[in-house]
Amino acid sequence: MTQTYTPHRPLRVAVIGSGPSGIFATEALLKQTDLPAQVDVYDRLPTPYGLVRYGVAPDHLTIKSVTRGFEKTLGDPRVRFLGNVEFGKDLTHEDALAHYDAVLYTVGASSDRRLGIPGEDLTGSMSATEFVAWYNGHPDAAAREMVLSASGVAVVGVGNVALDVSRILVKTAQELHESDIAAHALTALDASHVQDVWVLGRRGPAQAAFTTKELREFGELHAAEPVVKPQEIALTESEEAAITDNTKKKNVEVLRDFAAREAEGKSRRVHLRFLVSPVEILDDGQGRVGGLKVERNRLDENGNAVGTGEFEVLPVQMVLRSVGYRGVALPGVPFDEKRGVIANDEGRVAGRVGEYTAGWIKRGPSGVVGTNRKDATDTVAHLLTDAKDGRLPGAAHPTRDAVDALLAGKGVKVYSFHDWQVLDAHEIAEGQAQGRPRAKVVHREVMLGHRKA
Ligand code: NAP
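These notes cover the structure that comes with them. From a predicted model like this one, the values you see are computed outputs, not experimental measurements.

Thoughts on the site of the ligand
Around the ligand, a shell composed of 22 residues is seen, among which Val158, Arg202, Arg203, Glu214 and Gly367 lie nearest. Between the ligand and asparagine 160, the relevant distance is 3.1 Å, taken from an oxygen atom to a side-chain nitrogen or oxygen of the residue. Glycine 367 is positioned with one of its backbone polar atoms (N or O) 2.7 Å from an oxygen atom of the ligand. With 3 residues, helix α7 (residues 160-170) is the largest single contributor of residues to the shell around the ligand. Its residues placed into classes, the shell around the ligand shows 9 nonpolar, 8 polar and 5 charged.

Topic: the packing of aromatic side chains
If you walk through the whole model with that rule in mind, you get 8 aromatic pairs. Aromatic pair tyrosine 49 and tryptophan 420: ring centres 5.9 Å apart, planes at 90 degrees, arrangement edge-to-face. Taken together, the residues tyrosine 49 in the loop between β2 (37-42) and α2 (50-54) and tryptophan 420 in helix α16 (residues 417-433) connect sequence positions 371 residues apart. No difference in accessibility class separates tyrosine 49 from tryptophan 420, as the two residues are buried. Taking the centre distance of 5.3 Å and the plane angle of 50 degrees together, the rings of tyrosine 325 and tryptophan 360 count as tilted. Of this pair, tyrosine 325 sits in strand β15 (residues 325-326) while tryptophan 360 is found in helix α13 (residues 360-363), placing the two residues 35 residues apart along the sequence. Since its relative accessible area comes to 15%, tryptophan 360 is described here as buried. Three or more aromatic residues joined by ring pairs form one cluster here, namely Phe24, Tyr49, Phe70 and Trp420.

Quick look at the packing of helix α6 (residues 128-135) against α7
For the pair α6 and α7, the least separation of the axes is 10 Å and the interaxial angle reads 50 degrees. Compared by their axis directions, α6 and α7 come out oblique. Seen from above, α6 lies across α7 with left-handed handedness. Residues Ala128, Phe131, Val132 and Tyr135 of α6 form the contact with α7, whose own contacting residues are Val161, Asp164, Val165, Ile168 and Leu169. When the residues that make up the contact of α6 with α7 are grouped by side-chain class, the tally is 8 nonpolar, no polar and 1 charged.

Here's the deal with the side chain of glutamate 232
Here glutamate 232 is to be found in the loop between β9 (224-228) and α11 (237-241). Within polar-contact distance, the side chain of glutamate 232 engages the side chain of arginine 296 at 3.3 Å.

So, helix α12 (residues 246-260)
Compared with an ideal rise of 1.5 Å per residue, which puts 15 residues at 21 Å, α12 spans 21 Å between its outermost C-alpha atoms and is within 8% of the ideal. Listed as buried for α12 are Asn251, Val252, Val254, Leu255 and Phe258. One side of α12 holds all its buried residues, which, seen down the axis, span an arc of 165 degrees. For α12, exposure combined with an orientation more than 90 degrees from the buried face picks out Glu253 and Ala260. Lining the buried residues of α12 we find α10 (212-216), β9 and β10 (268-273). With a side-chain oxygen positioned 2.8 Å from the backbone nitrogen of threonine 247, the residue opening α12 is aspartate 245.

Some thoughts on unusual backbone geometry
In this structure, asparagine 84 is a non-glycine residue whose phi angle is positive, near 65 degrees. By secondary structure assignment, the location of asparagine 84 is in the loop between β3 (79-82) and α5 (93-99). Residue classification places asparagine 84 among the buried positions, given a relative accessible area of 12%. The phi torsion at glutamate 346 lies on the positive side, around 50 degrees, for a residue other than glycine. By secondary structure assignment, the location of glutamate 346 is in the loop between β18 (344-345) and β19 (348-349). In this structure glutamate 346 comes out as exposed when scored by relative accessible area, which is 52%.

Criteria and thresholds
- Residues numbered from 1 in each chain as written.
- Predicted model: local features only at pLDDT ≥ 70, side-chain atom pairs only at ≥ 80, totals over all residues.
- Heavy atoms only, no water.
- Near = heavy atom within 4 Å.
- Polar contact = N/O pair within 3.5 Å; in protein donor to acceptor, adjacent residues only side chain to side chain.
- Helix = DSSP H or I, 4+ residues; strand = E, 2+ residues; numbered from the N terminus.
- Nonpolar A, V, L, I, M, F, W, Y, C, P; charged D, E, K, R; others polar.
- Phe/Tyr/Trp six-rings, centres within 6.5 Å; stacked < 30°, edge-to-face > 60°.
- Buried < 20%, exposed > 50% of the residue type's maximum accessible area, 1.4 Å probe, protein only.
- Axes fitted to C-alpha atoms, helices over the stretch in contact; angles between N-to-C directions.
- Parallel < 35°, antiparallel > 145°, perpendicular 65-115°, else oblique.
- Left-handed = near helix turned anticlockwise from the far one by under 90°.
- Contact = heavy atoms within 4.5 Å.
- Expected span 1.5 Å × (residues − 1).
- Arc of directions from axis to C-beta.

Below, the structure written as structure tokens:
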């Protein structure tokens, strides 16, 4: 029998992951007026907003203001936030299908890509993802001991994440104080010995993935200055003419400006290097990073980096690989191992009815927060078409009470949107008392202690 959706029996959707894609998808479900819908947004963490809280750089507060719209969405009576519920454990794939007409996976990309070079597992070599999670106070990374005794750090990759971690490494405690960086990271970074950071692009300046606003910030830091080798950003006339992308054109202009600057003698330097690939992370003899061997590249006719056989060793004691995030498979959901995404056709999960995906776990880790609005809306359009055409299988237990009973029966301590509002107000008040925008609570148990009375 085809299910009709009414205000008494609305279309019930579970959104797994409360990052930007999950919230944009929820927003799209609320905005449409064809079908009455009820949405439960899950997150394995007590806190909502995913990468906006734990990925966006702590000093990029304007980007985070997107959460004001997110609050409206999660505060809508048709929506519930169920934090501290892990998909696959607290809510299994079967549980989700039994309680919802449609399940939409928006879990992002929580892991990272590796370089595949010798020495990658030495102490002091890690992914930018881990470093970002640490300084943003992610509960899974908060306990990590970050040794910042290195005077030289290499950051591999020239995307915006590489620029974020490099900037955080060279900002002064005073600059970081104005951000919502986790207190443990502020203390560690204040005591850090970092003097030189090498940001390494395997291709040329015209191929760098970062955006101009982020690049320009290196020219405006209190204690650090950018260093660019003119010969590494030199372009032939035809290479220059081939740059059609406006951002890339502007990037080259900013890099030229940096290269032309007189050294200011600041205590920290960010070396923006191009046409170099890491080939080996060297051991200092005690299992720690003792240097990074890089090979000089040239570009072939297709714009790919090709080694020249010329090598150089950078004096670094820490290596952060920032060569892209990678999605992690969810239990019971088809996964495309090669691409690191849920196998899907325009957001419909491959071979499944009533299961959908959006955001980085659908298309891979690219684009800014706003990119996910259209991506999520596109997936929701397919979901609604399927619902209207009677293609959804229909949930066996389509009520909030049934879900609550299921989770209570498993002893899950669900963290609601109202609970989060209590924690949010606490963090902001604590922050203000310290002259900071927010003082993040980083331990899960402490978070769970802040609840609506
Ligand atoms: P990304 O933009 O995809 O950059 C990855 C970088 O890694 C590229 O420079 C890539 O070079 C390089 N790379 C890949 N494999 C490599 C290897 N084996 N050796 C050396 N270099 C390698 O990824 P991301 O920086 O993680 O950022 C992810 C997304 O989030 C992006 O869309 C980014 O714009 C966005 N983001 C935005 C902001 C912001 O708006 N402020 C902040 C952070 C992140 P090739 O081009 O040669 O492959």
